[in-house]
Amino acid sequence: MARMTGRRLLFAAPVLLVVTFGVFAVAAASPFDPVKAYAGTAGLTASQETLDQLRANLGVDRPLVARWWEWLTSAVTGDLGDSSVMRRPVADVITERLGWSVLLATTAFALAILLGTALGVAAARRPGGPLDRCVSSAAYTLEAAPAFWLGLLAIWFFALRLGVLPAGGLTDSGSDTVTFGQVATHLVLPAAVLGVSQMPWFYLYVRQGVADALEEDPVRGARARGLSERTVLIGHAWRSGMLPMLTLIGSRVPELITGALLIETVFSWPGIAAATVEAATSVDFPLLAALTVLATAAVLIGNLLSDLLYGLADPRVGFDG
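Residues numbered from 1 in each chain as written. Predicted model: local features only at pLDDT ≥ 70, side-chain atom pairs only at ≥ 80, totals over all residues. Heavy atoms only, no water.

**Examining the packing of helix α7 (residues 147-161) against helix α8 (residues 180-214)**
Between two packed helices, both the angle of their axes relative to each other and the distance between the axes serve to describe the pair. At their nearest, the axes of α7 and α8 sit 10 Å apart, and the two run at 135° to each other. When the interaxial angle is binned, α7 and α8 end up oblique. In the packing of α7 onto α8, the handedness of the crossing is right-handed. On α8, the residues that touch A147, L150, G151, A154 and F158 of α7 are L189, V193 and S197. (Axes fitted to C-alpha atoms, helices over the stretch in contact; angles between N-to-C directions. Helix = DSSP H or I, 4+ residues; strand = E, 2+ residues; numbered from the N terminus. Parallel < 35°, antiparallel > 145°, perpendicular 65-115°, else oblique. Left-handed = near helix turned anticlockwise from the far one by under 90°. Contact = heavy atoms within 4.5 Å.)

Pasting the structure below:
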């Protein structure tokens, strides 16, 4: 396990280097002018000399490689630079918003795994039955439904029509303090929508895996020995059928990040979505690079986690192979 983790970490370093350079290269080729974005309406009447001076102060007048290398060397020491659009240090922007994004994504991912696993096991018991047909049809429909559309539909039904849940934000209107009760209430809709949007893949993987496991000889042998159907399902078929789903965890992380950004925007959740959009449209090099590295690291960690879970669940898989 330690050897495989070490290899993955060594592999992650050049990946992150390439990703950060790619961010600066794409941003440099962007038609958006970071100086005009920083100056705002004042940039419309500013002289060219003023704009040039501002460009030098922001450091965007230097070559691409020089800007990237300066940011990289500073980031290694913990200095992520200053955000030109947020007018604050990048580290402060990420620290302030990351926790809320992690809370939303973690809650939604746990909901997707638990709901998908439970429905997949239940449907696999009777393939082609009423439950299997209904849930499978809903899963294929949800696969094709954009997350932002599901979010808008949830707001219309639960917030506007029924009035049982808040439409967005982190706290109630007019509240000056953040309380656990308010956060929990406001988290329900965005976490549920994001979780439901991720659930179909887990459901389909678990359903197919458990259904195939129920047809294997060891499971038939367990039934022939007189074991109860519950023991056969949970003790034999469920464990074997869960193995393919474990590999899905890492591959769903990029989709989870993308979905979280959309859901945060729809529900006005104070995560990193707004910062990501503003950094991209304003060509905020330091903030854009830091957020991209963060997302890339999350994907790499997700893939490593799925491999570790697969190896722990199936002893036949060697970590150092």
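The discussion continues.
**Some words on the nonpolar core**
With 44 residues, the main nonpolar core has L104, L194, F202, Y203, V210 and I263 as its most contacted residues. At the level of secondary structure, the elements contributing two or more residues to this core comprise α5 (90-125), α6 (130-144), α7, α8 and α10 (229-266). With 14 residues, the single largest contributor to this core is α8. In contact with F202, other than residues within four places in its own chain, are F109, A112, I113, G116, M245, L248, I249 and R252. Among the nonpolar cores identified, the runner-up in size contains 21 residues, and L72, I272, L288 and L291 belong to it. (Core = buried A, V, L, I, M, F, W, Y, C linked by side-chain atoms within 4.5 Å. Buried < 20%, exposed > 50% of the residue type's maximum accessible area, 1.4 Å probe, protein only.)

**Focus: the packing of aromatic side chains**
Under the definition given, this model contains six aromatic pairs. Taking 6.1 Å as the distance between ring centres and 45° as the angle between the ring planes, the aromatic pair formed by W156 and F157 counts as tilted. We classify W156 as partly exposed; its relative accessible area is 44%. By relative accessible area, which is 33% here, F157 ends up partly exposed. Connected via pairs of aromatic rings, a cluster forms that spans F21, W68 and W69. (Phe/Tyr/Trp six-rings, centres within 6.5 Å; stacked < 30°, edge-to-face > 60°.)

**Examining the packing of α6 against α8**
Packing of α6 against α8 leaves a shortest axis separation of 8 Å and a crossing angle of 130°. Accordingly, the angle class assigned to the pair α6 and α8 is oblique. As for how α6 packs across α8, the hand of that crossing is left-handed. Contacts between α6 and α8 involve D132, V135, S136, A139, Y140, L142 and E143 on the former and, on the latter, V196, M199, P200, W201, Y203, L204 and R207. For the contact of α6 with α8, the residue count by class is ten nonpolar, one polar and three charged. (Nonpolar A, V, L, I, M, F, W, Y, C, P; charged D, E, K, R; others polar.)

**Concerning the environment of L165**
Locating L165 in the fold gives a position in the loop between α7 and α8. In sequence terms L165 and A154 are eleven residues apart; their C-alpha atoms lie 9.7 Å from each other. Beyond its immediate stretch of four places on either side in the chain, L165 contacts F158, A159, T185, V188 and L189.

**Some points on the confidence of the model for the protein**
In the predicted model, the protein carries a mean pLDDT of 78, and 79% of its residues have values of at least 70. Across the protein, the element-wise mean pLDDT spans from 65 in helix α2 (residues 34-39) up to 90 in α7. (pLDDT = per-residue confidence, 0-100.)

**A closer look at the side chain of Q198**
Tracing the backbone through its elements, the reader meets Q198 in helix α8. Classification of Q198 by relative accessible area gives buried; the value is 2%. Those residues in contact with Q198 that sit more than four places away from it in its chain are A112, R252, E255 and L256.

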